[in-house]
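# Architecture at a glance
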Amino acid sequence: MEEPYKVNEKITAREVRVVGDNVEQGVFSTRDAQRMANEQNLDLVEISPTANPPVCRIIDYSKFKYEQKKKTREMKAKAQKVVIKEIRFGPNTDDHDFEFKLKHAKGFLESGFKVKSYVHFVGRSIVFKERGEILLLKFAQALEEVAKVEQLPKLEGKRMFLILSPKVAPATKK
């Protein structure tokens with residue numbers, strides 16, 4: 001596995017700008033900067049190779065790597081995971097089934113999930129594309145107060161689908 005930063009002897013620039021704690025900051029030759037790092041029993045790490053001259057920091061490299069991993073782990077933990085719930089219709093879905101699925105979709109949206117509703121056309125029922133589109137638009141209109149349409153009805157293969165996302169963030173439970 002290749003290291004993301006150049007360390008100590010791997011730094012190829014002739015001059016570097018040195019930064020760090022307890023260090024005289026400024027532009028030094030790479031050899032002098034390396035000597036300063038060795039005197040403190042630390043590493044010379046190239047932080048910004050694209051700067052002119054490249055910026056190097058005198059730090060303990062293993063501790064620096066550990067803190068970088070810790071930061072990325074925290075970022076991943078804070079990232080929101082999007083959950084998409086699917087609701088399937090047929091082109092001839094009756095009113096009772098429609099209301100039943102509508103109630104479930106409303107619950108999903110209030111919980112903060114996205115809803116992907118689709119009409120699955122089987123066999124020759126693909127002839128009734130308009131019926132499927134009307135059904136999905138009716139579904140979106142019924143959920144108008146709790147959801148916003150992220151993607152209008154679109155036919156892909158034998159499925160016409162619609163994606164809805166919640167209007168407001170879900171209330172967090174305390």
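Residues numbered from 1 in each chain as written. Predicted model: local features only at pLDDT ≥ 70, side-chain atom pairs only at ≥ 80, totals over all residues. Heavy atoms only, no water.

The chain is annotated in an unreviewed UniProt entry as Translation initiation factor IF-3 of Pontibacter diazotrophicus. UniProt's Subcellular location (unreviewed entry) comment on the chain is quoted here verbatim: "Cytoplasm". (UniProt positions renumbered as here; feature names shortened; annotations may be inferred.)

## Here we look at the environment of V55
If you trace the backbone, V55 turns up in strand β4 (residues 55-59). Residue class for V55 comes out buried when judged on its relative accessible area of 19%. In the structure, V55 is positioned 50 residues away from A105 in sequence and 54 Å away in space, judged by C-alpha atoms. In contact with V55, other than residues within four places in its own chain, are R17, V19, V45, E46, I47 and S48. (Helix = DSSP H or I, 4+ residues; strand = E, 2+ residues; numbered from the N terminus. Buried < 20%, exposed > 50% of the residue type's maximum accessible area, 1.4 Å probe, protein only. Contact = heavy atoms within 4.5 Å.)

## Considering the nonpolar core
Counting residues in each nonpolar core, the largest one holds 19 residues, and the members touching the most others are F89, L109, F139, L143 and L164. Elements supplying a minimum of two residues to this core: β5 (84-89), α3 (95-110), β6 (114-120), α4 (129-142) and β8 (159-166). Filtering out sequence-adjacent residues up to four positions away, L143 remains in contact with L102, A105, K106, L109 and L164. Counting 11 residues, the second-largest nonpolar core is a separate cluster that includes I11, V18, C56 and I58. (Core = buried A, V, L, I, M, F, W, Y, C linked by side-chain atoms within 4.5 Å.)

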